[in-house]
Amino acid sequence: MSSAHLRQMDQESQPAQVNSEDNLSPNTRRSFSFSSFRPKRRSNSSEEGGFTRRRGLLTFSSVRTKTSRKESPSKEDGAPQLNFTGRQVKQTDEDQQQGGLKRISAMWSSFRRGKRDKDKDPEATGAMDPMVAENTSRQHRYVSGQYFFEYLVVVSLKTKDSSSYEPQITYQFPKRDGMARFQKEEEEKTLKAITLFCFPEGINWAPLTEYHSETFSFVLTEIDGSRRNGYCRRLLPGGKGARPPEAYCIISSLACFGLFSKIFDEVEKRRQISMAMIYPFMQKLREAPFPAPGNTVEIKSFIPESGTEIIRLTRPLDSWLEHVNFNTLFGCLTDKEVLLVFAAAVLERRIVFIADELGTLSQVIHAVAALLYPFVWQHTLIPIVPEILIDVVMAPTPYLLGVQKRLLDQVTDQSDLLVVDLSVDKNTTFIASIGDESSILPPKLQAEILEALSKRQKPTTVEEMNRVVSEAFLLFFVKTVGHYGSYVKRRRPGEQGVFEKRSFYKAIDSKTTRHFVKKFLQTQTFDLFIQEVEQQTGPQQGIFHKKILEYQEKQKKDKTKKR
């Protein structure tokens, strides 16, 4: 979100802020504002049900109390409003009218991000190492201008009182100096958000003598839809006796869970020696160019008594799957259950996943979102919902949420959503559902997906699993909407096109497929995809287009054989 936009929001809403560290009492009423961009019809479209490029804003406010729930907060009682930065603000009449100004975005703009001052922060715009830039034979191996990460922070639990802890940042790399005041304020808000996601369970912790380290991820989404990924590893710090865990968190614009998991292995190894060993390794990593898909970057790092080590970090060739491990999803659900979840996600429904482990929640939600490729989930996506933000489940707009099982009672009082239990000891997988999930997808295509999934070997590697699963679901979209290119009409080459929606779905022979596609066309997922296609002036490229051409060629050969 730009700083100008933030200042405009602050001027229009003018909330009276209260200390962000104030505790909410158990009976405090918490109010949340939600919004979703909804497509409107194109005013210049001759197609019935066409979409506009400028989407309207739908806002919603809801309140959860200890005993009841209302559609909107009372204006007379002066109940505090908790926005998604975890602060309390006083509620005013203007706040009711300007709910959209303090909203989470369609993909949950959870925390406001300060605008980088590129002139004052040379690291943000720094060029590649000169040796790399000069060596033209190596340039294709790197993604120009991208760093591995923005921040590495250590979040520790500090005693707040006799019965609670407060997460605080005890280490940060790099430290940013020379920022303007508003930039520093925004950075502080982002860092405060990080502590919330590193310890989403809240403030009640008991010191531990044993704790198995766990790695998970979360997402910070901007108002423009751009995302920053948070990678977190929690472990028990060095020492003797009972003590609370601490978290290492890396914030990066890059989605590559496997790669950052390896980086955490190196950080953890150095932490066991000394905190001072982390800095030189992270400095080397930050200076290294981010490799292109299929390539490797080497980081040299010195460790006492071991000498200089070379750490090799390789990106997978299929970069759109590098943040995904389908093994976790299919380890928690059967093939048929995954298909039902996929069907609900395709139609942009509200889906909540329940589990005890944070890593399970984050990996499953990212895997479900990846099943939609080449389409992108356009709505709220929170792999792990912090306890203080649990009322996000009351949003009427589509979402993919991960909720710890101990908060299940606060989820199941909602209607019209799919609640999926990922636990090993579950009694039933679907705790709540709408009931029509099995009839959303065309029966023939459902059977084809299940057949393709059954061909995978067990056990299998992450790479093989990702290949089989991604191809099965990608082929589904090829068969249902892969003919879209023929219905984007351009008056002349190089001009933007217009999508002929009615002709597109009427061209489908299968009645059940046409019925599904007609519903899919109404989603933001498809709307934004086709808008990008309309705006492209060059030829179609990418894996999806390649699969479409392969499928069309196969159909032609099959028809030739039948003659």
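Below is a summary of the structure that appears in this document. Keep in mind the model is a prediction, meaning the values are calculated, not measured. (Residues numbered from 1 in each chain as written. Predicted model: local features only at pLDDT ≥ 70, side-chain atom pairs only at ≥ 80, totals over all residues. Heavy atoms only, no water.)

**Brief notes about the side chain of E150**
Along the chain, the position of E150 falls in the loop between helix 4 (130–134) and strand 6 (151–161). On the basis of relative accessibility, which here comes to 7%, the residue E150 falls in the buried class. In this structure the side chain of E150 is engaged in a polar contact, spanning 3.1 Å, whose partner is the side chain of R228. (Helix = DSSP H or I, 4+ residues; strand = E, 2+ residues; numbered from the N terminus. Buried < 20%, exposed > 50% of the residue type's maximum accessible area, 1.4 Å probe, protein only. Polar contact = N/O pair within 3.5 Å; in protein donor to acceptor, adjacent residues only side chain to side chain.)

**Some details on the packing of aromatic side chains**
Across all of its chains, the model carries 27 aromatic pairs by this definition. Each ring, one from F476 and one from F477, has its centre 5.3 Å from the other, and the planes form 70 degrees; the classification is edge-to-face. Residues F476 and F477 agree in their burial class; the two are buried. Sitting over the ring of F281, R270 keeps its end group 4.5 Å from the ring centre. Here the basic side chain of R286 rests over the ring of F149, its NZ or CZ set 5.8 Å away from the ring centre. (Phe/Tyr/Trp six-rings, centres within 6.5 Å; stacked < 30°, edge-to-face > 60°. Lys NZ or Arg CZ within 6 Å of the ring centre and 35° of its normal.)

**Looking at the packing of helix 11 (residues 443–454) against helix 12 (residues 462–481)**
Packing of helix 11 against helix 12 brings their axes to within 9 Å, and their N-to-C directions diverge by 160 degrees. The orientation of helix 11 with respect to helix 12, classified from their angle, is roughly antiparallel. The two elements helix 11 and helix 12 cross, and the hand of that crossing is right-handed. Counting all contacts with helix 11, which are made through L445, E448, I449, A452 and L453, the residues of helix 12 involved are V468, V469, A472, F473, F476, K479 and T480. (Axes fitted to C-alpha atoms, helices over the stretch in contact; angles between N-to-C directions. Parallel < 35°, antiparallel > 145°, perpendicular 65-115°, else oblique. Left-handed = near helix turned anticlockwise from the far one by under 90°. Contact = heavy atoms within 4.5 Å.)

**A short note on the environment of I365**
Of note, I365 is situated in helix 10 (residues 358–371). On the accessibility criterion, I365 (0% relative accessible area) is buried. Separated by twelve residues in sequence, I365 and F353 have C-alpha atoms that sit 7.8 Å apart. In this structure I365 touches F353, L381, I382, P383, L400, L401 and G402, once residues within four positions along its chain are discounted.

**Here we look at the nonpolar core**
Counting 106 residues, the largest nonpolar core has F326, L329, F353 and F473 as the members making the most contacts within it. Among all residues touching L329, those that are not within four sequence positions of it are V338, V364, A367, V368 and L371. Formed by 28 residues, the second largest nonpolar core is a distinct cluster that contains I250, L254, V267 and V297. (Core = buried A, V, L, I, M, F, W, Y, C linked by side-chain atoms within 4.5 Å.)

**Focus on the sheet that holds strand 8 (residues 214–221)**
Read from one edge of the open sheet, five strands run 7-6-10-9-8, paired in antiparallel fashion. Single-partner strands in this sheet number two, and they are strand 7 (164–173) and strand 8. Averaged over all pairs of adjacent strands, the angle between their axes in this sheet comes to 25 degrees, without regard to strand direction. As paired elements, strand 8 and strand 9 (residues 227–235) share eight bridges and run antiparallel to each other. When the sheet's bridge partners are listed, E214 is paired in strand 9 with R234. Where helix 10 meets the sheet, its contacts fall on strand 8 and strand 9, and the angle it forms with strand 8 comes to roughly 50 degrees. (Pairing = 2+ DSSP bridges.)

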